[in-house]
Amino acid sequence: MAILVAGGAGYIGSHMVRLLQRQNREVVVFDNFEKGHREAVAGIPFFEGDLRNKQDVKAVFEQFSIDAVMHFCAYSLVGESMERPEIYYENNVQGTLNMLTAMKDHGIRHFIFSSTAATYGEPVSVPIDEQHPTVPTNVYGETKLAVEKILDWFDTIYGNKSARLRYFNAAGADPDGDIGELHTPESHLIPLILAVALGEREHISIFGDDYDTKDGTCIRDYIHINDLASAHVLALEYIQTKNESLLCNLGNGSGYSVKEIIDVAREVTDHEIPVETVGRRPGDPAVLIAGSDKARNVLGWEPKLYDVGTIIETAWKWHSGKAREWQR
Ligand code: UFG
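Residues numbered from 1 in each chain as written. Predicted model: local features only at pLDDT ≥ 70, side-chain atom pairs only at ≥ 80, totals over all residues. Heavy atoms only, no water.

> Could you give me a rundown of the site of the ligand, with the residues and numbers involved?
The immediate surroundings of the ligand are formed by 21 residues, with Leu-189, Ser-205, Arg-220, Arg-281 and Asp-284 found nearest. Contact distances for the ligand include 2.9 Å between an oxygen atom and a side-chain N or O atom of Arg-220. Here the ligand has 680 Å² of accessible area as a free molecule, and 90% of this is covered by the chains. Listed by contribution, the elements that provide at least two residues to the shell around the ligand are α6 (189-197) and β8 (204-207). Looking at the shell around the ligand element by element, the count peaks at four residues for β8. Residue classes in the shell around the ligand are distributed as twelve nonpolar, six polar and three charged. (Near = heavy atom within 4 Å. Polar contact = N/O pair within 3.5 Å; in protein donor to acceptor, adjacent residues only side chain to side chain. Areas by Shrake-Rupley, 256 points an atom, 1.4 Å probe, with all protein chains shown as cover. Helix = DSSP H or I, 4+ residues; strand = E, 2+ residues; numbered from the N terminus. Nonpolar A, V, L, I, M, F, W, Y, C, P; charged D, E, K, R; others polar.)

Written out as structure tokens, the structure reads:
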């Protein structure tokens, strides 16, 4: 029996696949390659299909013997979600409902869901634990919260067990440098900084230095992609052995400002990385730091690559190596 990794050719999904394979688990990838990369699934069984197409989703369960699903397919750009809400509802909510319905029809009861800190909205207290109110300030966060609610009802009505994992800032790359983050267009801080170090961009824009933080720039909780993936394995074991659903933040519980990240990247890359300060990006909260006790206490999760220098080193190995081969 295999674990279906939906979105397994994307950034987070491909690291999940890599970890499962290292643990000798059988894996099947479902992806439409709209955002994902074919290079990421080389040698891995995959089904090319679209989540929004019910026939595709049904067919994957008919073709393969699956006993659990890890679901990473989604649109995830906050800005875009505020311009084209309908595609976010269609892909993130209707698409996930297609997956859950097909799972139900095939008697598959365990589901791991990529949720987000964006479900919380503007923090009223930091660190943000799982009891924090959920008032999303953008459509992206709203669609993820809508799926979380569907999952509650699928548990109540059908007894399907799920883990809803609310990610803070996923970052870094597999330390072997073979897979990593590659979005087009790129909007995330660390890959953009590294593109400056590679001479592909002239400077990094700092979106606001007048926040009420230690150096005026936004603070985020960066979690290494492999630590994120390892929490998914523990979450699956939890819902399978306890027969209980789970809601859990995934972050390290420590925050770094934009300026601090740039300084660390300067050390790692030995490049001066020029900056330009521009206005705030609409919708950016000043500080997002996870309350991470639940993942540690309930799942026994222990992040290993929590040092932000290590996170950026792994990203640098990827961006200065294989990532550029994939782009060609
Ligand atoms: N930033 C800059 N300059 C840039 C890019 C980003 O200053 O060129 C700043 C942002 O303002 C923010 C920080 O760097 O303060 C991190 O920005 P990212 O875009 O890398 O990440 P976000 O915190 O905006 O986004 C993350 C996830 C999203 C998720 C969101 C939830 O990547 O998927 O958290 O709040 F929706």
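> Quick rundown of the pattern of salt bridges? Include the residues and the values.
Taken as a whole and assessed by the stated rule, the structure comprises 18 salt bridges. A salt bridge links Arg-25 to Glu-237; the shortest N-O distance between them is 3.3 Å. With Arg-25 in the loop between α1 (11-22) and β2 (27-31) and Glu-237 in helix α7 (residues 225-242), the pair connects residues that are 212 residues apart, well separated along the chain. By relative accessible area, which is 28% here, Arg-25 ends up partly exposed. Given the relative accessible area of 36%, Glu-237 is considered partly exposed. Arg-164 serves as the salt-bridge partner of Asp-152, at 2.6 Å between the closest nitrogen and oxygen. (Salt bridge = Lys/Arg side-chain N within 4 Å of Asp/Glu carboxyl O. Buried < 20%, exposed > 50% of the residue type's maximum accessible area, 1.4 Å probe, protein only.)

> Describe the pairing of β2, and please don't skip the residues or the numbers.
Of all five residues in β2, five are buried, a share of seventy percent or more. Note: strand β1 (residues 2-6) against β2, four bridges, orientation parallel. Bridge pairing links Ala-6 to Phe-30 in β2. Crossover β1 to β2 through α1 is right-handed. The sheet contact formed by β2 and strand β3 (residues 46-48) spans three bridges and is parallel. Counterpart to Val-29 in the pairing with β3 is Phe-46. (Pairing = 2+ DSSP bridges. Right-handed = clockwise from strand over helix to strand, strands pointing away.)

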